[in-house]
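So you can see what is in the structure, the chains are spelled out below.
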Amino acid sequence: MSKLAQLQSALAALDPQHLEVLDESHMHSRGLETHYKAVIVSPAFAGLNAVKRHQKVYASLGELMSQVHALALHTYTPEEWAQQGAAPNSPTCKGGSKHAS
C-alpha cells in the first residue's frame, strides 16, 4: 500500500465528510513521498481550535507521521467548509535543499 493510501486510510478514522490527501512531493526537492497536503472536513473538529484539530489528526496518523517530512493540514467543520468551499493553494517550494541546483 502506498504512503498516500496509508494516510487516507488512517484519516478515515476522523469520519470525514470530505477528505483529500495530495502528494505534493513533486513541488519540493527532498524526494518522493515526503510532502503532503490534507484537506479534512469533519464534525469531529467542532468546537476545537486549530492546534487541537491538528493534534487530533496527528493522533489518527500515529506512527505514519514519522515517515512524512511535511504535512500541510487544512481542517474544517462541515459548516466552515460550506462557507470556504476550497482549501488554499500550497506555496511553491523556495528550495534550500542541498539537492537543489
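All values derive from a computational prediction rather than experimental measurement.

Caption draft 1: Seen up close, the side chain of Ser-42. You can see Ser-42 is positioned in the loop between strand 2 (35–41) and helix 2 (50–61). Judged by its relative accessible area of 1%, Ser-42 is buried. Here the side chain of Ser-42 touches Leu-14 through a polar contact of 2.7 Å, landing on its backbone oxygen.

Caption draft 2: Expanded view of the environment of Glu-79. With respect to the helices, strands and loops of the structure, Glu-79 is situated in helix 3 (residues 78–84). Through-space distance from the C-alpha of Glu-79 to that of Ser-42 is 9.5 Å; in sequence the pair is 37 residues apart.

Caption draft 3: Layout of the packing of aromatic side chains. Scanning all chains against the criterion turns up one aromatic pair. Taken together, a centroid distance of 5.2 Å and an interplanar angle of 50 degrees make the contact between Tyr-76 and Trp-81 tilted. Residue Tyr-76 is classed as buried on the basis of its relative accessible area of 10%.

Caption draft 4: Region of interest: the nonpolar core. With 15 residues, the main nonpolar core has Leu-7, Leu-11, Ala-38, Ile-40, Val-57, Leu-61 and Leu-71 as its most contacted residues. Looking at this core, the elements with two or more residues in it are helix 1 (3–11), strand 2, helix 2 and strand 3 (70–76). What Leu-7 contacts, discounting residues up to four positions off in sequence, is Val-21, Tyr-36, Leu-61, Leu-64 and Val-68.

Caption draft 5: Just the pattern of salt bridges, in detail. What the rule picks out here adds up to one salt bridge. A salt bridge links Arg-53 to Glu-80, with the shortest nitrogen-to-oxygen separation between them at 2.8 Å. Of this pair, Arg-53 sits in helix 2 while Glu-80 sits in helix 3, placing them 27 residues apart in sequence. A relative accessible area of 8% means that Arg-53 is categorised as buried.

Caption draft 6: View of the pairing of strand 2. Of all seven residues in strand 2, seven are buried; the element is thus mostly enclosed. Residues His-35, Lys-37, Val-39 and Val-41 line one face of strand 2 and the alternating positions Tyr-36, Ala-38 and Ile-40 line the opposite face, and both faces are buried. Note that strand 1 (residues 18–23) and strand 2 share six bridges and pair antiparallel. Each residue of the ladder has a partner; that of Asp-23, found in strand 2, is Tyr-36. Relative to strand 3, strand 2 is paired through seven bridges, and the arrangement is parallel. Each bridged residue has a counterpart across the sheet, and for His-35 the counterpart in strand 3 is Ala-70. The β-α-β motif built from strand 2, the intervening helix 2 and the parallel element strand 3 has right-handed crossover chirality.

The rules we used
Residues numbered from 1 in each chain as written. Predicted model: local features only at pLDDT ≥ 70, side-chain atom pairs only at ≥ 80, totals over all residues. Heavy atoms only, no water. Helix = DSSP H or I, 4+ residues; strand = E, 2+ residues; numbered from the N terminus. Buried < 20%, exposed > 50% of the residue type's maximum accessible area, 1.4 Å probe, protein only. Polar contact = N/O pair within 3.5 Å; in protein donor to acceptor, adjacent residues only side chain to side chain. Phe/Tyr/Trp six-rings, centres within 6.5 Å; stacked < 30°, edge-to-face > 60°. Core = buried A, V, L, I, M, F, W, Y, C linked by side-chain atoms within 4.5 Å. Contact = heavy atoms within 4.5 Å. Salt bridge = Lys/Arg side-chain N within 4 Å of Asp/Glu carboxyl O. Pairing = 2+ DSSP bridges. Right-handed = clockwise from strand over helix to strand, strands pointing away.

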